[in-house]
Every structure is written in structure tokens, then in C-alpha cells.
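This is what each chain is made of:
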Amino acid sequence: FPLRRIKKNLDEKELNKKGKFEVMNFGENAYGTEQEYYVMQESLKYSPDLVVLAFFNNDIMDNIRFNLFRIEDNELIANPKQDITYTLMARNFMSQHSQLYSLVYKVINYNEYIKNKIEYVGIINPPYKQQSYDINYSINKTILLLNNMSKTSKFMLVMLPSKDKDKEVNHRIINSFKGYVVDLADDLEVSDYYNIDPHWNKIGHQKIANKIYTELI
């Protein structure tokens, strides 16, 4: 899960006081459940005793935006892979290593005139052609992904609450997920988030790490 501070707080030395632990982090910034599905397949070659996946409700929108899978007869079907351009690889690198780039990219996306001009000259890609903007469809696809992932290894799903405490999507997923769930809805306060964005601050990361630690031991 893309929570490097949480991994840092999940100190192996502390965990090893209760047993033998090794923590491996496969998290990536801005990955939705679809990308995480593929990453998990890669992680299985290490034969993990437990896979911990953190879910945040913006993963639903990522699963609409990237559209790597579709549903047919209640089964997941992988869509054909798109070619990855060199400019896309460069942008992915910058988005993971530069907060300034991420800020500029968000500003551009909110300005239709600038965005259209930059898309025209090929600096950023035009939006993906999506089969539909159906939030319920994406929620159902996400549930199928999570349930499939839980079948391949011992699996812990950590549900991370949004800053506005909108619980509807999380409740739908919890009620349909067939594996083990850790719901943090009652563990985080508004003060555990940054004021200017929905991410957790240092205290919020520590609380999440403490909760996962408690579940692990």
C-alpha cells in the first residue's frame, strides 16, 4: 500500500519483539485497485504470510480512469493493455519524485484552456475513453478485484476513512468483501489530516500504523 510513512512506523524491531516479521512495501503513489491487483501478483513470488492492502475511496475513481478491467457475467476480464509512451514514463517518474510537478499537474487539470493546449502539442495525454462514468459499476468492479485478491494469499484489507467521513462507499465494500477487514472509520479525527488536502499528517500515519500493528500481533 502507498503509505511509506506507515511502513516506517511499522518498525520491524518492534514487531520482532512479538515474533519474526519482515515488512516489504510494494506501494506506489496514485495506484488504484486495478494496478494494485497486478502488483500483488508480482509480490506473491516472495510467498508472503500476509498481504496488507489499504483502500481509500478515491481508488474507485482510479478504477474508472484507468479502466484496466471490465465485468462480463460477473467475472473480471482484463482489457487490452495500452502502449506506454516515453513521455508517460517520464511523467510517472516526476509524479513520484516531485511534489512541485504534482502540484503543477493538478493546476493544469483544473484549467481547461491550458490543459487543451498542452494536450494538443502532446505534452500530456488526452483523457482515456471510458465505457461509462458509472460509479456503481466501478464499485462492483472494485469489490470483485478485492475478493479475487483475497483468494490468492492471507489478506488484510485496511479501510481508510476520508477526511469528510463519507462512509457510504466503504460500507458497501465492507459488506460485500469476503475477507478480513480493518475499518479505521472511528480511529481518525479531522486533526489527523492536513488542512489543505485529504492526506494524513504525521500523527494520522502513526495512528494507522499503530492500528495495523495491533492487528498483526
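Keep in mind that what you see is a predicted model, and the values were worked out from it rather than measured. (Residues numbered from 1 in each chain as written. Predicted model: local features only at pLDDT ≥ 70, side-chain atom pairs only at ≥ 80, totals over all residues. Heavy atoms only, no water.)

A.B. asks: Go over the packing of helix α3 (residues 33-43) against helix α4 (residues 59-66) with me, naming the residues and quoting the values.
C.D. replies: Put simply, α3 and α4 touch, their axes get as near as 7 Å, and they point 85 degrees apart. With respect to α4, the element α3 is oriented roughly perpendicular. Two secondary-structure elements touch here, α3 through T33, E34, Q35 and E36 and α4 through D59, D62, N63 and F66. In terms of residue class, the contact of α3 with α4 is built from one nonpolar, three polar and four charged. (Axes fitted to C-alpha atoms, helices over the stretch in contact; angles between N-to-C directions. Helix = DSSP H or I, 4+ residues; strand = E, 2+ residues; numbered from the N terminus. Parallel < 35°, antiparallel > 145°, perpendicular 65-115°, else oblique. Contact = heavy atoms within 4.5 Å. Nonpolar A, V, L, I, M, F, W, Y, C, P; charged D, E, K, R; others polar.)

A.B. asks: Talk me through the side chain of D59; I want residue IDs and the actual numbers.
C.D. replies: Secondary-structure assignment places D59 in helix α4. Of the side chains with opposite charge, R65 lies nearest to the buried D59, which makes no salt bridge, at 8.7 Å. Residue contacts for D59: discarding those within four places in its chain leaves Y31, G32, T33, E36 and A54. (Buried < 20%, exposed > 50% of the residue type's maximum accessible area, 1.4 Å probe, protein only. Lys, Arg positive; Asp, Glu negative; His and termini not counted. Salt bridge = Lys/Arg side-chain N within 4 Å of Asp/Glu carboxyl O.)

A.B. asks: Pulling in residues and values, what's your account of the pairing of strand β2 (residues 69-72)?
C.D. replies: The pairing of β2 with strand β3 (residues 75-78) spans four bridges and is antiparallel. Following the sheet pairing, I71 is matched in β3 by L76. Linking two consecutive strands that pair antiparallel, namely β2 and β3, is a turn of two residues; a positive phi of about 55 degrees is found at D73 within it. (Pairing = 2+ DSSP bridges.)

A.B. asks: Could you give an account of the sheet that holds strand β1 (residues 51-55), naming the residues involved and the relevant values?
C.D. replies: Reading across the sheet, the three strands line up as β1-β4-β5 and stay open at both edges, with parallel pairing between neighbours. Unpaired on one side and paired on the other, β1 and β5 (180-183) mark the two borders of the sheet. Mean inter-strand twist for the sheet, computed between neighbouring axes without regard to direction, equals 25 degrees. Relative to β5, strand β4 (residues 155-159) runs parallel, the two sharing four bridges.

A.B. asks: Can you tell me about the pattern of salt bridges, naming the residues and giving the values?
C.D. replies: Applying the stated criterion across every chain, the model contains six salt bridges. The residue E42 makes a salt bridge to K45 at a minimum N-O spacing of 2.7 Å. The exposure class assigned to K45 is exposed, which follows from its relative accessible area of 55%. Taking the shortest distance from any N to any O, the salt bridge between R70 and E72 comes out at 2.7 Å. On the accessibility criterion, E72 (37% relative accessible area) is partly exposed.

A.B. asks: Can you lay out the environment of K18 for me, pointing to particular residues and giving the numbers?
C.D. replies: Along the polypeptide, K18 turns up in the loop between α2 (12-15) and α3. Considering only alpha carbons, one finds K18 and L216, 198 residues apart in sequence, at a separation of 9.5 Å. Residue contacts for K18: discarding those within four places in its chain leaves Y213 and I217.

A.B. asks: Quick rundown of helix α10 (residues 202-216)? Include the residues and the values.
C.D. replies: With 15 residues, α10 extends 21 Å from end C-alpha to end C-alpha; this agrees with the ideal 21 Å at 1.5 Å per step. All of the buried residues along α10 are G204, H205, I208, A209 and I212. Buried residues of α10, seen end-on, are gathered within an arc of 135 degrees and therefore sit on one face of the element. Exposed and facing more than 90 degrees away from the buried side of α10 are K202, I203 and T214. Backbone nitrogen of I203 and a side-chain oxygen of the N-cap are separated by 3.1 Å at the start of α10; the cap is N201. (Expected span 1.5 Å × (residues − 1). Arc of directions from axis to C-beta. Polar contact = N/O pair within 3.5 Å; in protein donor to acceptor, adjacent residues only side chain to side chain.)

A.B. asks: Which residues make up the packing of helix α8 (residues 135-152) against helix α9 (residues 168-176), and what values do they have?
C.D. replies: For the pair α8 and α9, interaxial distance at closest approach is 10 Å and the crossing angle is 40 degrees. Here α8 is positioned oblique relative to α9, judged by the angle of their axes. Crossing of α8 against α9: the hand is right-handed. Facing α8, whose interface residues are N136, I139, N140, T142, I143, L146 and N147, α9 presents V169, R172, I173 and S176. For the contact of α8 with α9, the per-class residue count stands at five nonpolar, five polar and one charged. (Left-handed = near helix turned anticlockwise from the far one by under 90°.)

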